[in-house]
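Here is what each chain is made of, one letter per residue.
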Amino acid sequence: GVPGAFMSILGVGLLNEIVVSKKILKANEILEELRTLVIESLHQTGKEGEAQEGMDIALCVINTTMHNGIPSAKSLQFAGAFNSLYLIRDGQLLETKADRMTVGVHFKQNKSFTNHHIKILPGDIIYTYSDGYVDQIGGTENKKFNFPKFKELLLSIHKKPMAEQKQILNTTLEKWQAHTDPETGENYEQ
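As the structure is a computational prediction, the values presented were derived from the model and not from experiment.

Sorry, what's going on with the sheet that holds strand β3 (residues 70-81) here?
Sheet strands pair by backbone hydrogen bonding; their relative direction is either parallel or antiparallel. Spatial ordering of the open sheet is given by β2-β3-β7, a layout of three strands whose pairing is antiparallel. Both edges of this open sheet fall to β2 (57-67) and β7 (116-119), since each of them pairs with a single strand only. In this sheet, adjacent strand axes meet at a mean angle of 25° when their direction is disregarded. When β3 meets β7, the two strands line up antiparallel, connected through four bridges. Looking at the pairing, S75 lines up with K119 of β7.

Given below as structure tokens:
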């Protein structure tokens, strides 16, 4: 909706300021500065009754080296606000959990975000996501897609080319939602 779109636009602008102008390059420090700037930009005080807008985010800082003139990812830093990172390595899905706090006013807003360091190995596939996919209502029971089903889907497609993975993800979601009226949320088969 409009609040989410506004927060996305605000977030992109603030991230550019943080990384380009302020040259902050540690994933958790980027999120901490983003939280400060979001609170300032929205004039949030945390008072009861005040709009508690914030954002969930999965943020990676990729460390590369050059190999035969081609950049090669060697490691990454990850910090997340509610949105975790999935790494598929040797057919296993490994989850690096995000902190359970948002970027914005939150009861944990004085707590630092965790900076995770992840070594990248050949063949690794890394996924970040928003809750938009798993929260989609549909299926024959008119329920959320959910995380277990999402993880299972990623495991089933991770060896395919990225363009094909994108198509499978889109098609799967369309089929899932096809059981639901987009206007009312009612299940067509009821």
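Please explain the pattern of salt bridges as it appears in this structure.
A side chain of one charge can pair with a side chain of the opposite charge if their charged atoms are brought near each other. One pass over the full model with this rule turns up eight salt bridges. The salt bridge partner of R89 is D124, with a shortest N-O separation of 2.6 Å. Taken together, the residues span a long stretch of sequence, with R89 in strand β4 (residues 85-89) and D124 in the loop between β7 and β8 (125-128) at a distance of 35 residues. Residue R89 is classed as partly exposed on the basis of its relative accessible area, which comes to 21%. Judged by relative accessible area, D124 falls into the buried class, the value being 13%. Between K143 and E141 there is a salt bridge whose closest N-O contact spans 3.7 Å. Side by side, K143 and E141 carry an identical accessibility label, which is exposed. Bridged by salt links that share partners, the residues E95, K97 and K151 form one connected network.

Would you mind going over unusual backbone geometry with me for this structure?
Note: most residues except glycine have negative phi, and most peptide bonds are trans. The backbone of F82 sits at a positive phi, close to 70°, despite the residue not being glycine. Inspection of the secondary structure puts F82 in the loop between β3 and β4. Given a relative accessible area of 28%, F82 falls into the partly exposed group. In the Ramachandran plot, D90 falls in the positive-phi region, its phi being about 50° despite a non-glycine side chain.

Which parts of the structure should I look at to understand the packing of aromatic side chains?
Centre-to-centre distance and the angle between the planes together describe a pair of aromatic rings. The tally for this structure, following the rule as stated, stands at seven aromatic pairs. Considering the side-chain rings of Y129 and F147, the 5.9 Å spacing of their centres and the 65° angle between planes classify their relative orientation as edge-to-face. Residue Y129 is located in the loop between β8 and α3 (131-134), and its partner F147 is located in helix α4 (residues 147-157); the two are separated by 18 residues in the primary sequence. With 5.2 Å between their ring centres and 80° between their planes, F145 and W176 make a pair best called edge-to-face. Within this pair, whereas F145 is found in the loop between β10 (143-144) and α4, its partner W176 is found in helix α5 (residues 162-177), the two being separated by 31 residues in sequence. The class of W176 is buried, set by a relative accessible area of 15%. Connected via pairs of aromatic rings, a cluster forms that spans Y86, Y129, Y133, F145, F147, F150 and W176.

Quick question: what am I supposed to make of the sheet that holds strand β5 (residues 92-96) here?
Reading across from one edge, β5-β4-β8 is the order of the three strands in this open sheet, with antiparallel pairing throughout. Only two strands of the sheet have a single partner each, and these edge strands are β5 and β8. With direction set aside, neighbouring strand axes in the sheet form an average angle of 25°. As paired elements, β4 and β5 share five bridges and run antiparallel to each other. Each bridged residue has a counterpart across the sheet, and for L85 the counterpart in β5 is T96. Against the sheet, α4 engages β4, β5 and β8, with an angle of about 35° to β4.

Conventions adopted
- Residues numbered from 1 in each chain as written.
- Predicted model: local features only at pLDDT ≥ 70, side-chain atom pairs only at ≥ 80, totals over all residues.
- Heavy atoms only, no water.
- Pairing = 2+ DSSP bridges.
- Helix = DSSP H or I, 4+ residues; strand = E, 2+ residues; numbered from the N terminus.
- Axes fitted to C-alpha atoms, helices over the stretch in contact; angles between N-to-C directions.
- Salt bridge = Lys/Arg side-chain N within 4 Å of Asp/Glu carboxyl O.
- Buried < 20%, exposed > 50% of the residue type's maximum accessible area, 1.4 Å probe, protein only.
- Phe/Tyr/Trp six-rings, centres within 6.5 Å; stacked < 30°, edge-to-face > 60°.
- Contact = heavy atoms within 4.5 Å.

Scope: geometric values only; no functional claims are made or implied.
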